[in-house]
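Fold and geometry: a report
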Amino acid sequence: MILQALDAYYRRKQADPDPAKRLPAFGLEDKEIPFVLEIDADGKLLNIADTRSDDGKKKIGQRFLVPQGAKKTSGVMANLLWDNAEYVLGIPDAKKLEKSRAENKEADYLARLLTMRQKFREVITDLPDTVQADDGIRAVLAFLDGLTPETLAGFAALADIEAGNPILSFRLHGDLGLVCQRPAVVVATAVQNEDAPDGACLVSGQPAAIERLHAPVKGVWDKPGATVNKNIVSINNKNEGGSNGGQTPAFASYGKQQGYTSPVGKPAAFAYTTALNHLLARDSRQRIQVGDSSTVFWAEEAHDLENTMVDLFGDPPKDNPDKNTDAIKALYAAIASGQFSVGGKDTRFHVLGLAPNAARISIRFWETATAADLAKRIAQHFDDITITHAPHDPTHLSLFRLLTGVALLNKADNIPPNLGGEVMRAILEGLPYPATLLNLAVQRCRAEQKPTYARAAAIKASFNRFIRFRNSPEKEFTPMLDPANTNPAYRLGRLFAALEKIQEDASPGLNATIRDRYYGAASSTPAAVFPTLLRLSKHHLGKLSPGLAITRERLIGEVMDGFDAATFPPRILPLPDQARFALGYYQQRQAFFTKSESKTQEQTP
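Here the residue numbers are simple positions, counted from 1 along each chain's written sequence. Local features in a predicted model are, by the rule used here, given only for residues with pLDDT of at least 70; side-chain atom pairs are given and counted only at 80 or more, and totals for whole chains, interfaces and linings are based on all residues. Derived side-chain values reflect all non-hydrogen atoms in the structure, with water molecules and hydrogen atoms excluded from consideration.

Each helix is a run of DSSP H or I of at least 4 residues and each strand a run of E of at least 2, with the numbering of both proceeding from the N terminus. Mapped onto the elements of the fold, Gln587 is located in helix α22 (residues 575–592). Pairing of N or O atoms within 3.5 Å defines a polar contact, subject to two protein rules: one partner must be a possible hydrogen donor and the other a possible acceptor, and residues neighboring in sequence count only if both atoms are side-chain atoms. Of note is the side chain of Gln587, whose polar atom sits 3.4 Å from the backbone oxygen of Met480.

Dropping the structure here:
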């Protein structure tokens, strides 16, 4: 199903009326080429063009359509007319050379380097004779045959090439495109990929030449800033046992040849990998990073949601902090009207979450729904996490801020594995949030002695989803303070916030309040601290003006009316009640600083 949806997306993009938006044709791929060797018809090197441009702290090379790269394993396999500096120029990779010297294998590495250069030339000479006669091919071969250390001397880019082993390609002087983009080469590349059918493709259901090794999927995050190149469809070259004593590789099980245990035709394999790599690209507007899950999304036809999902869940850019809010407003408007600015409400929409595994890329989640259903589920998520907050806080929490808010030190690196994927899955399928989200929010509140905007939002959302999903008799929590909520743990949180406010009013400018000393105990073992805190409050009330003291005493009385005198204060609070305590504390604190509350609670009678 996933491969079929990606294949359909590739065909849709291939039919795009805008040529600039089309994906590479069969046999080609979009590749970043940092350096281009410009040569004349005799193979003389005229210039090394640096195509890179600044992208923040990094330099990014220009992208070109080139022949699809070889599926490199441990052997020496060269690409056609483009490759890294080892293959093209025979320049050793600095890191590999250093490692080989440390292991006393420098001679082996240099011998391999020579083989790589020879293989790069052989791939070109294997082209049909008609292509060999092309001026660009002849110039490249002449360059390779005449290449010496002196050939590269004096070019400014040589230092960067020697240091980084970048991808290189060729351009014939006077041409705008690369040599590998010359018509004769493009035609030959397409013909070479048209093999005779030898099986039935699982994606198309039609006879096709089965792909033995699928192209790697690129762009899935392993850790922030680092990606992996691995396969989705692959079988280990191992066997744990069997009648032949484990001699048959796993990919040859049941008497099948390599690639035929999961037969995917070459056109379909090219289509799904090209489409997925396009969606995962660094500059893609159809991907977001959710914890350890790289999430991509697309529709069966051009649709508004394709371009707004990243604004809905991602952090807004610094130069446009309202982008997230504007996208959410547009989503609510589309749900209310039943129409999207682009695309229909019944358009099928796909969301795929990927994460690296030891041997291959694993599927974290996969969801397919109509655009209308998906929009409603996303809107429900934002309804669930909506909670009162300070004026300087963002109106809507991005998914990244929600997850980092419950992580140690608020760092993305500390978001537990799988949590991002499980939360996204809950959003897309309308399920309860994972219990880990609630547990982490409570733990961080206790560890840091402070419920925050993100933690309170996570607690409220987790409770409301659970109540709704299980048809619990418990009342859903509101975004604002709910004085009518009689839950003892919620009221204890409100009481703790009121006692802290009395202390602050009595001693303005305190560096630390009862929250800094007692929050953990108050939220877990209330009986151990609340009698002491209530006695202290009498002392603090004595320092207030008569009017403010009466206002605060009324609030204490209102909160205390919800308790059973026989059981107050409870001896312990289990974790769910600790969450209710945190929510009651947070909402009561926010109520002290809102205009509506200030008029009623700060007013002197």
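Nonpolar side chains in soluble globular proteins generally cluster together in the buried interior. Here the nonpolar core consists of buried residues drawn from Ala, Val, Leu, Ile, Met, Phe, Trp, Tyr and Cys, with membership extended through side-chain atoms lying within 4.5 Å. In this scheme, a residue with accessible area under 20% of its type's maximum is buried, one over 50% is exposed, and one in between is partly exposed, where area comes from a 1.4 Å probe on protein chains only. The biggest cluster of nonpolar side chains holds 90 residues, and the ones touching the most others in it are Leu312, Phe313, Ile378, Leu399, Phe496 and Phe530. It is helix α18 (residues 488–506) that contributes the most residues to this core, 10 residues altogether. Throughout, a contact is declared for two residues whenever any of their heavy atoms are within 4.5 Å. Residue contacts for Ile378: discarding those within four places in its chain leaves Met309, Leu312, Phe313, Leu331 and Ile427. In terms of nonpolar packing, the next biggest core, distinct from the first, is built from 47 residues, Leu89, Leu127, Leu172 and Ala188 among them.

Below, the discussion takes up the packing of aromatic side chains. Here the aromatic set is Phe, Tyr and Trp, taking the six-membered ring for Trp, and pairing holds for ring centres within 6.5 Å; pairs whose planes are under 30 degrees apart are stacked, those over 60 apart are edge-to-face, and all others are tilted. What the rule picks out here adds up to 16 aromatic pairs. Taking the centre distance of 5.9 Å and the plane angle of 90° together, the rings of Tyr10 and Phe270 count as edge-to-face. In this pair, Tyr10 is assigned in helix α1 (residues 2–14) and Phe270 in helix α10 (residues 266–279), connecting sequence segments 260 residues apart. Here the two residues Tyr10 and Phe270 agree in accessibility, since each one is buried. Among the aromatic residues, those joined into a ring-pair cluster are Phe496, Tyr519, Phe530, Phe581 and Tyr585.

Let's shift gears to the environment of Ala369. With respect to the helices and strands, Ala369 occurs in strand β16 (residues 361–370). As for Ala369 and Gly562, which are separated by 193 residues in sequence, their C-alpha atoms are 45 Å apart.

Note that Asn324 resides in helix α12 (residues 323–337). The buried category is assigned to Asn324, whose relative accessible area is 3%. A distance of 3.1 Å separates a polar side-chain atom of Asn324 from the backbone oxygen of Leu312. Those residues in contact with Asn324 that sit more than four places away from it in its chain are Asp311, Leu312, Gly314, Pro316 and His396.

Turning to the pairing of strand β15 (residues 348–356), a few remarks are in order. Two faces belong to every sheet, and in a regular strand the side chains alternate between them. For β15, the buried fraction is high: seven of the nine residues fall into the buried class. The rule for pairing is simple: two strands pair if DSSP sees at least two bridges between them. Alignment of strand β14 (residues 293–299) against β15, held across six bridges, turns out to be antiparallel. Bridge pairing in β15 places Trp298 opposite His350. Bridge analysis of β15 against β16 gives nine bridges, and the strand direction is antiparallel. Bridging from a neighbouring strand, His350 pairs with Thr368 of β16. Count of turn residues in the β15/β16 antiparallel hairpin: four residues.

A separate point is the packing of α18 against α22. When two helices pack together, you describe them by how their axes are tilted relative to each other and by the distance separating the axes. A fitted line through C-alpha atoms serves as each axis, taken over the contacting stretch for helices, and the angle formed by two N-to-C directions is quoted from 0 to 180°. Contact geometry for α18 and α22: axes closest at 6 Å, N-to-C directions at 40°. Classed by the angle they form, the pair α18 and α22 counts as oblique. Relative to α22, the crossing made by α18 is right-handed. For the pair α18 and α22, the contacting residues are Ala489, Tyr490, Leu492, Gly493, Arg494, Phe496, Ala497, Ala498, Glu500, Lys501 and Glu504 in the first and Asp577, Arg580, Phe581, Leu583, Gly584, Tyr585, Gln587, Gln588, Arg589 and Phe592 in the second. Residue type decides the class: Asp, Glu, Lys and Arg count as charged, Ala, Val, Leu, Ile, Met, Phe, Trp, Tyr, Cys and Pro as nonpolar, and the leftover types, Gly among them, as polar. When its residues are assigned to classes, the contact of α18 with α22 shows 10 nonpolar, four polar and seven charged. By the definition adopted for this analysis, an angle is roughly parallel if under 35 degrees, roughly antiparallel if over 145, roughly perpendicular if from 65 to 115, and oblique otherwise. Take the far helix as the reference: if the near one is turned anticlockwise from it by less than a right angle, the crossing is left-handed, and if turned clockwise, right-handed.

To continue, consider the sheet that holds β15. If you trace the four strands from one edge of the open sheet to the other, you get β13-β14-β15-β16, paired in antiparallel fashion. Edge positions in the sheet fall to β13 (287–290) and β16, since each of these pairs with one other strand and no more. The average angle at which neighbouring strand axes cross in this sheet is 20°, direction not considered. Summarising the sheet, β13 and β14 pair through four bridges and their orientation is antiparallel. Each bridged residue has a counterpart across the sheet, and for Gln289 the counterpart in β14 is Ser294. Packing against the sheet, helix α15 (residues 419–429) makes contact with β13, β14, β15 and β16, and its axis sits at approximately 15° to β16.

What follows concerns the packing of α12 against helix α13 (residues 371–385). Packing of α12 against α13 brings their axes to within 10 Å, and their N-to-C directions diverge by 125°. Relative to α13, the element α12 lies oblique. Remark: the crossing between α12 and α13 carries left-handed chirality. Contact residues: α12 offers Ile328, Leu331, Tyr332 and Ile335, while α13 offers Ala375, Lys376, Ile378, Ala379, Phe382 and Asp383. Counted by class, the contact of α12 with α13 contains eight nonpolar, no polar and two charged residues.

What follows concerns α10. Taking 1.5 Å per residue as the helical rise, α10 with its 14 residues ought to reach 20 Å, and the 20 Å between its terminal C-alpha atoms agrees with that figure. Counting buried residues along α10, 11 of its 14 residues qualify, which places the element largely inside the surrounding structure. Looking at α10, one finds that the buried residues are Lys266, Ala268, Ala269, Phe270, Ala271, Tyr272, Thr273, Thr274, Ala275, Leu276 and Leu279. The secondary structure elements touched by the buried residues of α10 are α1, β1 (28–33), β11 (217–223), β13, β14 and β15. Residue count minus one, scaled by 1.5 Å, sets the expected span of a helix.

Next up on the list: the confidence of the model for the chain. With 95% of its residues at a pLDDT of at least 70, the chain reaches an overall mean of 91. Here residues 240–244 scores under 50 on pLDDT; set against residues more than four positions off or in separate chains, the count is one contact. The quantity called pLDDT is the predictor's confidence in a given residue, expressed from 0 to 100.

The next thing to look at is the sheet that holds strand β2 (residues 35–39). Judged by pairing direction, the sheet is mixed, and its four strands sit side by side in the order β3-β2-β8-β7 without closing on themselves. Of all strands in the sheet, those bounded by a partner on one side alone are β3 (45–50) and β7 (82–84). Averaged over all pairs of adjacent strands, the angle between their axes in this sheet comes to 30°, without regard to strand direction. The sheet contact formed by β2 and β3 spans five bridges and is antiparallel. Of the residues in β3, the one forming a bridge with Phe35 is Asp50. Along the sheet face, helix α6 (residues 135–145) touches β2, β3 and β8 (167–172) and points at about 125° away from the line of β8.

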